[in-house]
Number of protein chains: 6
Amino acid sequence: DEESLDSDIDRVKIGIDGLDEMILGGIPKRSLMVAIGSAGTGKTTFGLQFLDEALRDDGRAVFITLEQSREAVLSTAEEKGWPFRRYVEEDRLAVVELDPVEMANSLASIRNDLPELIEEFGADRLVLDSVSLLEMMYDHPSKRRSEVFDFARSLKEVGVTTMLTSEAREDSPYTSKHGIVEYLTDAVFVLQYVRPSNFRETRLAIEIQKIRDANHSRETKPYEITQSGISVYRQANIF
Amino acid sequence: DEESLDSDIDRVKIGIDGLDEMILGGIPKRSLMVAIGSAGTGKTTFGLQFLDEALRDDGRAVFITLEQSREAVLSTAEEKGWPFRRYVEEDRLAVVELDPVEMANSLASIRNDLPELIEEFGADRLVLDSVSLLEMMYDHPSKRRSEVFDFARSLKEVGVTTMLTSEAREDSPYTSKHGIVEYLTDAVFVLQYVRPSNFRETRLAIEIQKIRDANHSRETKPYEITQSGISVYRQANIF
Amino acid sequence: DEESLDSDIDRVKIGIDGLDEMILGGIPKRSLMVAIGSAGTGKTTFGLQFLDEALRDDGRAVFITLEQSREAVLSTAEEKGWPFRRYVEEDRLAVVELDPVEMANSLASIRNDLPELIEEFGADRLVLDSVSLLEMMYDHPSKRRSEVFDFARSLKEVGVTTMLTSEAREDSPYTSKHGIVEYLTDAVFVLQYVRPSNFRETRLAIEIQKIRDANHSRETKPYEITQSGISVYRQANIF
Amino acid sequence: DEESLDSDIDRVKIGIDGLDEMILGGIPKRSLMVAIGSAGTGKTTFGLQFLDEALRDDGRAVFITLEQSREAVLSTAEEKGWPFRRYVEEDRLAVVELDPVEMANSLASIRNDLPELIEEFGADRLVLDSVSLLEMMYDHPSKRRSEVFDFARSLKEVGVTTMLTSEAREDSPYTSKHGIVEYLTDAVFVLQYVRPSNFRETRLAIEIQKIRDANHSRETKPYEITQSGISVYRQANIF
Amino acid sequence: DEESLDSDIDRVKIGIDGLDEMILGGIPKRSLMVAIGSAGTGKTTFGLQFLDEALRDDGRAVFITLEQSREAVLSTAEEKGWPFRRYVEEDRLAVVELDPVEMANSLASIRNDLPELIEEFGADRLVLDSVSLLEMMYDHPSKRRSEVFDFARSLKEVGVTTMLTSEAREDSPYTSKHGIVEYLTDAVFVLQYVRPSNFRETRLAIEIQKIRDANHSRETKPYEITQSGISVYRQANIF
Amino acid sequence: DEESLDSDIDRVKIGIDGLDEMILGGIPKRSLMVAIGSAGTGKTTFGLQFLDEALRDDGRAVFITLEQSREAVLSTAEEKGWPFRRYVEEDRLAVVELDPVEMANSLASIRNDLPELIEEFGADRLVLDSVSLLEMMYDHPSKRRSEVFDFARSLKEVGVTTMLTSEAREDSPYTSKHGIVEYLTDAVFVLQYVRPSNFRETRLAIEIQKIRDANHSRETKPYEITQSGISVYRQANIF
Ligand SMILES: Nc1ncnc2c1ncn2[C@@H]1O[C@H](COP(=O)(O)OP(=O)(O)O)[C@@H](O)[C@H]1O
Ligand SMILES: Nc1ncnc2c1ncn2[C@@H]1O[C@H](COP(=O)(O)OP(=O)(O)O)[C@@H](O)[C@H]1O
Ligand SMILES: Nc1ncnc2c1ncn2[C@@H]1O[C@H](COP(=O)(O)OP(=O)(O)O)[C@@H](O)[C@H]1O
Ligand SMILES: Nc1ncnc2c1ncn2[C@@H]1O[C@H](COP(=O)(O)OP(=O)(O)O)[C@@H](O)[C@H]1O
Ligand SMILES: Nc1ncnc2c1ncn2[C@@H]1O[C@H](COP(=O)(O)OP(=O)(O)O)[C@@H](O)[C@H]1O
Ligand SMILES: Nc1ncnc2c1ncn2[C@@H]1O[C@H](COP(=O)(O)OP(=O)(O)O)[C@@H](O)[C@H]1O
Ligand SMILES: [Mg+2]
Ligand SMILES: [Mg+2]
Ligand SMILES: [Mg+2]
Ligand SMILES: [Mg+2]
Ligand SMILES: [Mg+2]
Ligand SMILES: [Mg+2]
């Protein structure tokens, strides 16, 4: 099992061609990660592909969506050729659709129940898409911060390898919308649009900003979203 | 019927020359979309043209305006050669003029009634022009967010293919005025002014920033608004 | 009569040389327009000249000033060679000096009375100089928005061809001070300073950002304010 | 008398070499003006010199300072060779030192009394140095705006030719600190630092942004502050 | 002992190759320092390495973490080859995991107890990772400032050589997230990403912005994080 | 005595080589000055050196520190070769350590007592290091402004030649952190970092932005902080 316990830090793959090669040695298991990007950069696809990596190896996974319907998530995955409906039938995948307003209001109880649920389900991987919608529901910054902080910590305690998705700030692709999650996560992936000054074709580019306890490339590499998901082009350059 | 139900994801056309060719395979039916642009970039025209695409094929449509009078909307459409008055007479088009203040105050009940109304009317397409005026009526960001979020979700549940229009942020053409709708929509079209540094002629340019589950061009292409609506020039470049 | 009712959309001239030629076919009558510019760009002059266009053709007009005294407005017009005192004597022009604080406090009643007053007076054109001073008097953005929105709508309902003047945002010549009126108006004129990087002579430049239902130039053209008002130089370029 | 009443608009000189030549025909008497600039650009000097122009012609003037002591103002003027102590002795000049906090608190009564006081004193010119310190004392923007607005109007009603000084916004030399006075004044002078990119010598530059009812140069010209006050170099360029 | 008391100011090393050579004469003992950088720039590694410098010389140290678990901190250190578990067993190192919310709520009592605890433990060095998470938990800026100020002062009074870590502001690598700690500290290290305009490889660069009472290089130098921690390349340049 | 009273305005030296030559004729005695700069630009050193100029000539001085301990201030001065401990013993220097929170809370009484204390002590010069820490303790801008304003005025009334130090705004080296003190002071010194675009060596540069009633260079000149304090290089250029 790729995620088996052995000496040293266990390491796993994200499941994205090109990107996994940029991470030397893999992501430490049980990491809490975040993929930051603005609308359409492929965060949801990133999260689904990250789960498929474990699911197609008989792993177990949970996808929590605050943005789309459960049905839409399943369609998107199927569209990419990832048999998420089958995984669900095999009881290895749970796709949970939560209302961000309700989630914000009952985060304390969710926080209490989630660990048990995840453990009972035996999930290897978890995706929350997106943490920005949750954060948006709080008015007071300090309330938002402490709630998100506590939530992140409870995820870490469960020990499930987790990918959060987060919108980027309008004025900086390297910062999450509310500037909190990059503090709390062990790994930060930055997905951004690169728009040439001549207004031609917009490109997609990814950078690994941080992985605690891992050596990784610091290059910014182009990627594409195709019918089979995200591919990072390690050999190519943006310009 | 272009929007008939068959296997896979049903796909429809926007109805704008040049732009539809930039979307490979069409927009998934029942998508919730947004056209973002500052004043005069053609958002209202975009919305009308989007409805005409269905209406001239015997479809049914609803146009909700928060900015103009019902009469002004009809005139504008007629002026572009789209027989909206006839569609109205044929009971295939409803043009609804809402007061944004009132709409904001009674959004909960609108949200409740809208699905039924749309279904009874049998609308294939819906336009809300503009969501920014609705958003502007809320003082508290979190209230605004949760109201708009719930409204967007109820639109998705109805399953009508919907185009919202939204003002852009002053400092970024790629972000909606209040930074919410691009989270909630399946597709984002960015309409922007490109002003050359020599202060000559301002150009109009469109980019498809996002379409969930669709392959699309990432080029920024010039477009014009003429007496017959919007035309995107796929072969041309901005500079 | 230049503003007579005939089939199609009636169209009128602004009354500014060079600018009217940039508007192909004229401004739809009964439009609500705004001229956006920072201090000294000539907004008040623009408004006066717009009224003179109708007044010298035996039309009737109302000028509401929140910034200057009635006397100062008349002097400025006379100074430009527009016989505003005579128009007043002929009862074809009303120059109304309002206190912005009071106007803000009693906007609801003004809104109620204005239509009747304008209709009784039979005004063809109306100028409000400036809407920014009115907007400034509200503390709460949503109150400001809904008040200005309702006011704009009541002006539209009256059907008088109206020019608002508005200060520009400090950081963007294309945006009104409070970012509301460009949503509500049918036409947006942008008056701006162009300062060369060598700190020589500051130029004045105008762009038509938007005219609903009209074809217009998208060029930015130099203009000057002289003893006879504003002239736009269609053949010249800024640089 | 340079400021005598004759037909047409009476016009006066500022009293600054070079600058007066940039104003074609002079400043309309009874104008309310503002000199905007950041710390050290010479606003106080500008105001003193503006008063001296009238005082040395047997005129009468009032200088209200919110920033310095009465004594400091007199010293500064004397230092520049303007015999302000003599003017005071001759009862033609009043230098009034006000506490901005107190002034803010009792602005309504000052507003009531000022006209009478100015008229009794028979002042031809008035300087308020600086309006920014007054504005700073209000917490609520709308309170600040309406107070400053009313104060400006009462000054206009008195009919005394007035120069306000105002700090500039940190991020724009063309905007006053609180963005109000340029709305209310008939003339705006912009004093700014021009710092070359090679970090050599900082220059002082002045631009006339606006004079209602006057033709004026739109050039930005260098100026210096010397022992005899401000001189604008009409023939020179910044770079 | 490298930290022994002798005449003049005692000086110590940070423990980072290349960086210590940039500090001429060493850091004054008992300094309160801060390492500012955004996520992934190596602040935590910096702090651990700073402690290891003392620990491997039989010193005593405390590491307070607000971001990670105690276990994660120990793993990270071990991963870098610093025997933190052994130090803990030898009772020379205390790794304390605090909840930022709780820490914020009980900062007064922590402040009271900390000095005694540190003195009893006999710590030579202390790291707080990160002060930004603590700061984030306060809503009111003045409360945040006075709490952090008092906390910093109590650390200074204890006299333990301390390294705080702090996130950088999104828009300036030279400023801490909340703009307070650089006021209160004796030394400021700036860790930043340098991203070339061609979107190739992101580099890490360090600058010593301030060390009270010490001569130091003002160069910005590249550094790397490897399996053995941080190395600064004094001989290399960023570009 | 360098600060003796004679006709005209008495003038004193700052005590910094190179800088004093940039001030033609010296600083008017009893001026209230401010040195603005970000962390590490040498503001504290500037203040100490300014006092030493008077102290080594048998003058008397007060140094109020809100940032460091009394002991740290004395060490720093001694380290630079300024015998501050001796001055203290000779009762010619008072180094006062104040808690900014307490100072903010009791500013009214401090304001009342300070004049008498300073006069009794017979101080020629006073430094407050830094006014930013005091300002930071107020939540409400208008409270902050009026308190700082009153404090500045009481300092002016005492007539002691005073240097405040102030942090710069993050986004502008020419503006103090809270944008108040440059309004209230007679002289403004700007200390800034100049970072070359190739990320090599950061330089220190000083500009005299303002000295009321004095002629001064407007050049920006490099300076260094060495073991003997600050030296400005009048002959050198930044680039
Ligand atoms: N089959 C496909 N072919 C090409 N591009 C696709 C395809 N499916 C999705 N995309 C791209 O992926 C984007 C959406 O990705 P998504 O993961 O939903 O982004 P995000 O969650 O960041 O908003 C779409 O905007 C589209 O550009
Ligand atoms: N017949 C026409 N010919 C050319 N341009 C037109 C015509 N009708 C409208 N336009 C252009 O369309 C713009 C308005 O489009 P609209 O859809 O109302 O924009 P928005 O809703 O984004 O404010 C006008 O400003 C004008 O430039
Ligand atoms: N007779 C004139 N000759 C030249 N320029 C003039 C004349 N009268 C006014 N102006 C210009 O017009 C400007 C004022 O125009 P105004 O319409 O009041 O601007 P705004 O209302 O935008 O502040 C003045 O600043 C001046 O530059
Ligand atoms: N063994 C390693 N090899 C190379 N780089 C590493 C290694 N361990 C950690 N890093 C780098 O260090 C970074 C994390 O450093 P850390 O001190 O946790 O940063 P911060 O506390 O500033 O977020 C990772 O993002 C990674 O780039
Ligand atoms: N002996 C010295 N040699 C060289 N530079 C020194 C010496 N002492 C202090 N400095 C410099 O002075 C800076 C601190 O000056 P300081 O006056 O405390 O700055 P500020 O008060 O603006 O934060 C240090 O960061 C260091 O760069
Ligand atoms: N005798 C003089 N010679 C040269 N420059 C002077 C003289 N007196 C004053 N200045 C300049 O004038 C500036 C102050 O002008 P002031 O009118 O007080 O500015 P402001 O009111 O805008 O702060 C000083 O900073 C100095 O540069
Ligand atoms: Mg998504
Ligand atoms: Mg529209
Ligand atoms: Mg005007
Ligand atoms: Mg002044
Ligand atoms: Mg860290
Ligand atoms: Mg200091």
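Residues numbered from 1 in each chain as written. Chains lettered and ligands numbered in written order. Predicted model: local features only at pLDDT ≥ 70, side-chain atom pairs only at ≥ 80, totals over all residues. Heavy atoms only, no water.

J.: Account for the site of ligand 6, naming residues and giving values.
T.: Near ligand 6 you find 21 residues, and of these D:Lys43, D:Thr44, D:Thr45, F:Lys210 and F:His216 are the closest. Among the chains of the assembly, those with residues near ligand 6 are chains D and F. A distance of 2.7 Å separates an oxygen atom of ligand 6 from a polar side-chain atom of D:Lys43. Contact distances for ligand 6 include 2.4 Å between an oxygen atom and a side-chain N or O atom of F:His216. For ligand 6, the accessible surface in isolation is 580 Å², of which the surrounding protein chains cover 95%. Mapped onto the shell around ligand 6, the elements with two or more residues apiece are α2 (43-55) and β14 (220-226) of chain D together with β12 (203-211) and β13 (215-216) of chain F. Broken down by class, the residue content of the shell around ligand 6 amounts to 4 nonpolar, 10 polar and 7 charged. (Near = heavy atom within 4 Å. Polar contact = N/O pair within 3.5 Å; in protein donor to acceptor, adjacent residues only side chain to side chain. Areas by Shrake-Rupley, 256 points an atom, 1.4 Å probe, with all protein chains shown as cover. Helix = DSSP H or I, 4+ residues; strand = E, 2+ residues; numbered from the N terminus. Nonpolar A, V, L, I, M, F, W, Y, C, P; charged D, E, K, R; others polar.)

J.: Outline the sheet that holds strand β7 (residues 125-129) of chain C, supporting the account with residue identities and numerical values.
T.: Sheet strands pair via backbone hydrogen bonds, and the direction of the pair is either parallel or antiparallel. Residue and element names in this part refer to chain C. Within the open sheet, the 9 strands sit side by side as β6-β5-β7-β8-β4-β11-β12-β14-β15. Their pairing is mixed. Strands with a single pairing partner mark the edges of an open sheet, and in this sheet they are β6 (93-97) and β15 (229-232). Strand-to-strand twist in this sheet, taken as the mean axis angle between neighbours without regard to direction, amounts to 20°. As paired elements, strand β4 (residues 32-36) and strand β8 (residues 161-166) share 5 bridges and run parallel to each other. Bridge pairing in β8 places methionine 33 opposite methionine 163. Sitting on the sheet, helix α3 (residues 70-79) touches β5 (61-65) and β6, and the angle it makes with β6 is about 135°. Against the sheet, helix α6 (residues 107-121) makes contact with β5, β6 and β7, and its axis sits at roughly 140° relative to β5, the strand it touches most. (Pairing = 2+ DSSP bridges. Axes fitted to C-alpha atoms, helices over the stretch in contact; angles between N-to-C directions. Contact = heavy atoms within 4.5 Å.)

J.: Go over the relation of the copies chain A and chain E, please, and point to the residues and values.
T.: You can overlay chain A on chain E at an RMSD of 0.0 Å; the transform is a turn of 60° with a shift of 0.0 Å along its axis. Those values place the two copies in the arrangement expected of a six-fold rotation axis. Closest to the rotation axis within chain A is the C-alpha of A:Asp171, separated from it by 8.9 Å. (Least-squares fit on C-alpha atoms with pLDDT ≥ 70 in both.)

J.: Go over the interface of chain C and chain B with me, naming the residues and quoting the values.
T.: Contacts between chain C and chain B engage 32 residues on the former and 31 residues on the latter. Taken together, the two surfaces of chain C and chain B that pack against each other cover about 2,800 Å², and 51% of this comes from carbon and sulfur. Scanning the region where chain C abuts chain B turns up 5 salt bridges. The shortest N-O distance in the salt bridge between B:Asp99 and C:Arg153 comes to 2.5 Å. Between the two partners, chain C and chain B, sit 17 residue pairs in polar contact (both at pLDDT 80 or more). Listed by contribution, the elements that provide at least two residues to the side of chain C that touches chain B are α8 (141-158), β10 (172-176), α9 (181-184), β11 (187-194) and β12 (203-211) of chain C. Sorting elements by how many residues they give to the side of chain C that touches chain B places α8(C) first, with 8 residues. For the side of chain C that touches chain B, the class distribution of residues is 10 nonpolar, 9 polar and 13 charged. (Buried area = accessible area lost by both parts, 1.4 Å probe. Salt bridge = Lys/Arg side-chain N within 4 Å of Asp/Glu carboxyl O.)

J.: Tell me about the packing of helix α6 (residues 107-121) of chain B against helix α8 (residues 141-158) of chain B, and please be specific about residues and values.
T.: Residue and element names in this part refer to chain B. Look at α6 against α8: their axes get within 9 Å of each other, and the N-to-C directions meet at 10°. The angle between α6 and α8 places the two elements in the roughly parallel class. Considering the relative orientation of α6 and α8, their crossing is right-handed. Side by side, α6 and α8 meet where Leu107, Ala108, Ile110, Arg111, Leu114, Pro115, Ile118 and Glu119 of the first sit next to Glu147, Asp150, Phe151, Ser154, Leu155 and Val158 of the second. Looking at the contact of α6 with α8, its residues break down into 9 nonpolar, 1 polar and 4 charged. (Parallel < 35°, antiparallel > 145°, perpendicular 65-115°, else oblique. Left-handed = near helix turned anticlockwise from the far one by under 90°.)

J.: Describe the sheet that holds strand β8 (residues 161-166) of chain E, naming the residues involved and giving the relevant values.
T.: All names here are of chain E. As summarised here, the arrangement of the 9 strands in space is β6-β5-β7-β8-β4-β11-β12-β14-β15, forming an open sheet in which the pairing is mixed. The open sheet has two free edges, formed respectively by β6 (93-97) and β15 (229-232), since each of these has just one partner strand. When strand polarity is set aside, the average angle formed by the axes of neighbouring strands in this sheet is 20°. Sheet topology note: the strand β11 (residues 187-194)/strand β12 (residues 203-211) ladder contains 8 bridges and is antiparallel. If you follow phenylalanine 189 over to β12, its bridge partner there is isoleucine 208. Lying on the sheet, helix α2 (residues 43-55) is in contact with β4 (32-36), β5 (61-65), β6, β7 (125-129), β8, β11, β12, β14 (220-226) and β15; it crosses β7 at an angle near 165°. In the packing of helix α8 (residues 141-158) onto the sheet, the strands contacted are β4, β7 and β8, and the crossing angle to β4 comes to about 130°.

J.: Please set out the site of ligand 1 residue by residue, giving values where relevant.
T.: Close to ligand 1 lie 21 residues, the nearest being A:Lys43, A:Thr44, A:Thr45, B:Lys210 and B:His216. Neighbouring residues of ligand 1 are not confined to a single chain but are spread across chains A and B. A:Gly42 places a main-chain nitrogen or oxygen 2.9 Å from an oxygen atom of ligand 1. Listing elements by their share of the shell around ligand 1, those giving two or more residues are α2 (43-55) and β14 (220-226) of chain A together with β12 (203-211) and β13 (215-216) of chain B. Residue contributions to the shell around ligand 1 peak at 3 residues, all from α2(A). Considered class by class, the residues forming the shell around ligand 1 number 4 nonpolar, 10 polar and 7 charged.

J.: Go over the confidence of the model for chain A, please, and point to the residues and values.
T.: For chain A, the average pLDDT comes to 91, and 97% of its residues sit at 70 or higher. The low-confidence segment residues 1-7 of chain A, where pLDDT is below 50, has 17 contacts with residues more than four positions distant or belonging to other chains. (pLDDT = per-residue confidence, 0-100.)

J.: Explain the interface of chain A and chain E residue by residue, including any values.
T.: Bring the parts together and some accessible area is lost; that lost area is often taken as the interface size. Counting from both sides, the interface comprises 32 residues of chain A and, opposite them, 31 residues of chain E. When the two sides are added together, the surface that chain A and chain E hide from each other amounts to roughly 2,800 Å², 51% of it contributed by carbon and sulfur. For the pair chain A and chain E, the interface holds 5 salt bridges. A salt bridge links A:Arg11 to E:Glu79, with the shortest nitrogen-to-oxygen separation between them at 3.7 Å. Taken together, the elements giving at least two residues each to the side of chain A that touches chain E come down to α8 (141-158), β10 (172-176), α9 (181-184), β11 (187-194) and β12 (203-211) of chain A.

J.: Account for the environment of A:Ser130, naming residues and giving values.
T.: Residue and element names in this part refer to chain A. Mapping serine 130 onto the fold places it in the loop between β7 (125-129) and α7 (131-136). For serine 130, a relative accessible area of 0% puts it in the buried group. Linking serine 130 and arginine 70, residues 60 residues apart in sequence, is a C-alpha distance of 14 Å. (Buried < 20%, exposed > 50% of the residue type's maximum accessible area, 1.4 Å probe, protein only.)

J.: Explain the pairing of strand β14 (residues 220-226) of chain C to me, using residue names and the numbers behind them.
T.: Residues and elements named next belong to chain C. Where β12 lies against β14, 4 bridges are found, and the strand directions are antiparallel. Directly across from alanine 205, in β14, lies its bridge partner proline 222. Connecting β14 to the next strand, β15, in antiparallel fashion are 2 residues.

J.: An account of the pattern of salt bridges is requested, with residue identities and associated values reported.
T.: A complete count under the given rule lists 118 salt bridges over all chains for this structure. A salt bridge links F:Lys43 to F:Glu167; the shortest N-O distance between them is 3.3 Å. Here F:Lys43, found in helix α2 (residues 43-55), pairs with F:Glu167, found in the loop between β8 (161-166) and β9 (168-169); they are 124 residues apart in sequence, far enough to count as distant. With respect to class, F:Lys43 is no different from F:Glu167; both count as buried. Linked through salt bridges whose partners overlap, the residues forming this network are A:Glu67, B:Lys156, B:Asp186 and B:Arg212.

J.: Tell me about a negative patch on the surface, and please be specific about residues and values.
T.: Residue and element names in this part refer to chain A. Judged by side-chain charge, Asp113, Glu116, Glu119 and Glu120 come together as a negatively charged surface patch. Here glutamate 120 shows up in helix α6 (residues 107-121). Judged by relative accessible area, glutamate 120 falls into the exposed class, the value being 63%. (Patch = residues over 30% accessible without salt bridge, like charges linked within 9 Å, V, L, I, M, F, W, Y side chains within 5 Å. Lys, Arg positive; Asp, Glu negative; His and termini not counted. Charge placed at Lys NZ, Arg CZ, Asp CG, Glu CD.)

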